[in-house]
Amino acid sequence: MDKQMKQDIFNHARTWIMEAGERIREKIDAPRSIETKSNPNDLVTEMDQETEQFFAKRIKGTYPEHFLLGEEGFGDEIEEMKGTVWIVDPIDGTMNFVHQKRNFAISIGIYHDGVGEIGLIYNVMEDTLYSAQKGQGAYKNDHQLPVLNESRPLEQSILALNTTWMLPENPHVDHRGIEKLVKKLRSTRSYGSAALEFAFVAEGILDGYLTMTLMPWDYAAGAILVQEVGGTVSRADKEELDLLNQTTVLASRINIHDEISDGYVDLKK
């Protein structure tokens, strides 16, 4: 992607994500229209839909040749990652948005021919923007984030991890390995927003994030952020991420990545 074009796209994306966040804050206490999608805990509100429509209108109006892959279905039918693709989650952490009115984010990952070029994660209620451009580092607002610590061992690490993966009946991973991992770690956290968990890994306040079921809009921006501070992002089995389908994800400091995957993650077939 041309340097000037990338900067132009970044500037628009930054402006739009901040504007969308302001619109959400203005309506945070308004009555909600809440529906469910894949299961009773998979929530969607009118604000998710309005926010994705907001991005669709601006992206298509400014860059008609670009593609949009969005969670709420207002984008394009995409079967390959050719050209410039905006991968948007209008509200990541909808359950937090509904129940807590905090701890949710807008996430935008922009890819060109399958390569992550721009990532933005906006913690709406804290007015905090995490951003990155490929090869230029990652930022929290206007402060550049340092390269991640590569010396802290796994037993001193804090991992974002949903306790669902410790249940024997979970269909994705052998729970016994996850139990051993939890015992090895200093502690675990679960914030209810994949985008924020990626942002916190990039910031260095989490050492890693492991999950078994993410869609591309959940991790497209976060993967770019973590990689720009020297972290590693892959499937839980260390294979390359699939940007068009649901996948497992392991994002962490480079020195603990293989140890987690090889020593504790036994995926079910």
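Scope of this entry: the structure provided in the associated data block. (Residues numbered from 1 in each chain as written. Predicted model: local features only at pLDDT ≥ 70, side-chain atom pairs only at ≥ 80, totals over all residues. Heavy atoms only, no water.)

1. Thoughts on the overall build of the chain
As a reminder, the rule being used: Elements are defined by DSSP. Helices are runs of H or I of four residues or more, strands are runs of E of two residues or more, and each kind is numbered from the N terminus. In this treatment the radius of gyration is a C-alpha quantity, and the globule benchmark scales as 2.2 Å times the residue count to the 0.38 power. Relative accessible area decides the class of each residue, using a 1.4 Å probe on protein chains only: under 20% of the type maximum gives buried, over 50% gives exposed, and in between gives partly exposed. Whether two residues are in contact is decided by their heavy atoms: any pair within 4.5 Å suffices.
When helices and strands are counted, the chain shows 7 helices and 14 strands. Computed over the C-alpha atoms, the radius of gyration of the chain is 18 Å, within 12% of the 18 Å expected from 2.2 N^0.38 for a compact globule of 269 residues. Taken along its principal axes, the extent of the C-alpha atoms in the chain is 50 × 40 × 35 Å. Across the 269 residues that make up the chain, the buried fraction comes to 50%. Partitioning the contacts of the chain with sequence separation of at least 6, the portion at a separation of at least 24 is 61%.

2. With respect to the sheet that holds strand 13 (residues 232-234)
We apply this condition: Whether two strands pair comes down to DSSP finding at least two bridges between them. Working convention: axes come from line fits to C-alpha atoms, limited for helices to the stretch in contact. Angles between N-to-C directions cover 0 to 180 degrees.
Strand order in the open sheet formed by 5 strands is 11-10-12-14-13, and the pairing between neighbours is mixed. For this open sheet the edge positions go to strand 11 (187-189) and strand 13, each flanked by a neighbour on one side alone. Within the sheet, the average angular offset between the axes of one strand and its neighbour, ignoring direction, is 15°. Against the sheet, helix 4 (residues 175-184) touches strand 10 (158-161), strand 11 and strand 12 (208-214), its axis set at about 145° to strand 10.

3. Some details on the packing of helix 5 (residues 194-203) against helix 6 (residues 216-228)
Each pair of packed helices gets described by two things: the angle between the helix axes and the distance between those axes. Short version of the rule: Geometric relationships in this document are graded by angle, where less than 35 degrees denotes roughly parallel, more than 145 denotes roughly antiparallel, 65 to 115 denotes roughly perpendicular, and other angles denote oblique. As a working rule, the residues Ala, Val, Leu, Ile, Met, Phe, Trp, Tyr, Cys and Pro are called nonpolar, Asp, Glu, Lys and Arg charged, and the rest polar, with Gly in that last group.
It is at 9 Å that the axes of helix 5 and helix 6 come closest, and there the two elements cross at 5°. One element, helix 5, and the other, helix 6, form an angle in the roughly parallel class. Contacts between helix 5 and helix 6 involve Ala 194, Ala 195, Phe 198, Val 201 and Ala 202 on the former and, on the latter, Asp 218, Tyr 219, Gly 222, Ala 223, Leu 225 and Val 226. Class assignment for the residues of the contact of helix 5 with helix 6 results in 9 nonpolar, 1 polar and 1 charged.

4. A look at the pattern of salt bridges
Going by this rule: Between Lys or Arg on one side and Asp or Glu on the other, a salt bridge is scored when a side-chain nitrogen of the former is within 4 Å of a carboxyl oxygen of the latter.
For the structure shown, the criterion picks out 14 salt bridges. As a salt-bridge pair, Arg 253 and Asp 207 come within 2.8 Å of each other at their nearest N and O atoms. With Arg 253 in the loop between strand 14 (247-252) and helix 7 (254-264) and Asp 207 in the loop between helix 5 and strand 12, this pair connects stretches of sequence that are 46 residues apart. The pair formed by Arg 253 and Asp 207 is uniform in burial state, with each residue classed as buried. For Asp 262, the salt bridge identified is with Lys 238, shortest N-O distance 3.0 Å. In this pair, Asp 262 is assigned in helix 7 and Lys 238 in the loop between strand 13 and strand 14, connecting sequence segments 24 residues apart. Exposure remark for Lys 238: the relative accessible area of 34% places this residue in the partly exposed category. Residues participating in the shared-partner salt-bridge network are Arg 152, Asp 207 and Arg 253.

5. Some details on the nonpolar core
Side chains that are nonpolar tend, in soluble globular proteins, to be buried together. Here is the rule we go by: The set of buried Ala, Val, Leu, Ile, Met, Phe, Trp, Tyr and Cys residues whose side-chain atoms join them within 4.5 Å is what this entry labels a nonpolar core.
Counting residues in hydrophobic clusters, the biggest one holds 39 residues, and the most contacted among them are Ile 87, Tyr 111, Ile 121, Phe 198 and Val 233. Elements represented by at least two residues in this core include exactly strand 4 (84-92), strand 5 (105-112), strand 7 (128-133), helix 5, strand 12, helix 6 and strand 14. Those residues in contact with Ile 87 that lie beyond four places of it in its chain are Leu 69, Met 81, Ser 107, Ile 108, Gly 109, Tyr 111, Pro 216, Trp 217, Ala 220 and Leu 243. Counting residues in hydrophobic clusters, the runner-up holds 28 residues, among them Ala 56, Tyr 63, Val 88 and Val 124.

6. What about helix 7?
Quick reminder of the rule: Relevant arc is that of directions from the helix axis to the C-beta atoms, nothing else.
Buried residues of helix 7: Ile 256, His 257, Ile 260, Ser 261 and Tyr 264, and no others. Viewed along the axis of helix 7, the buried residues span an arc of 130°, placing them on a single side of the element. In this fold, the buried residues of helix 7 make contact with strand 10, helix 4, strand 12, strand 13 and strand 14.

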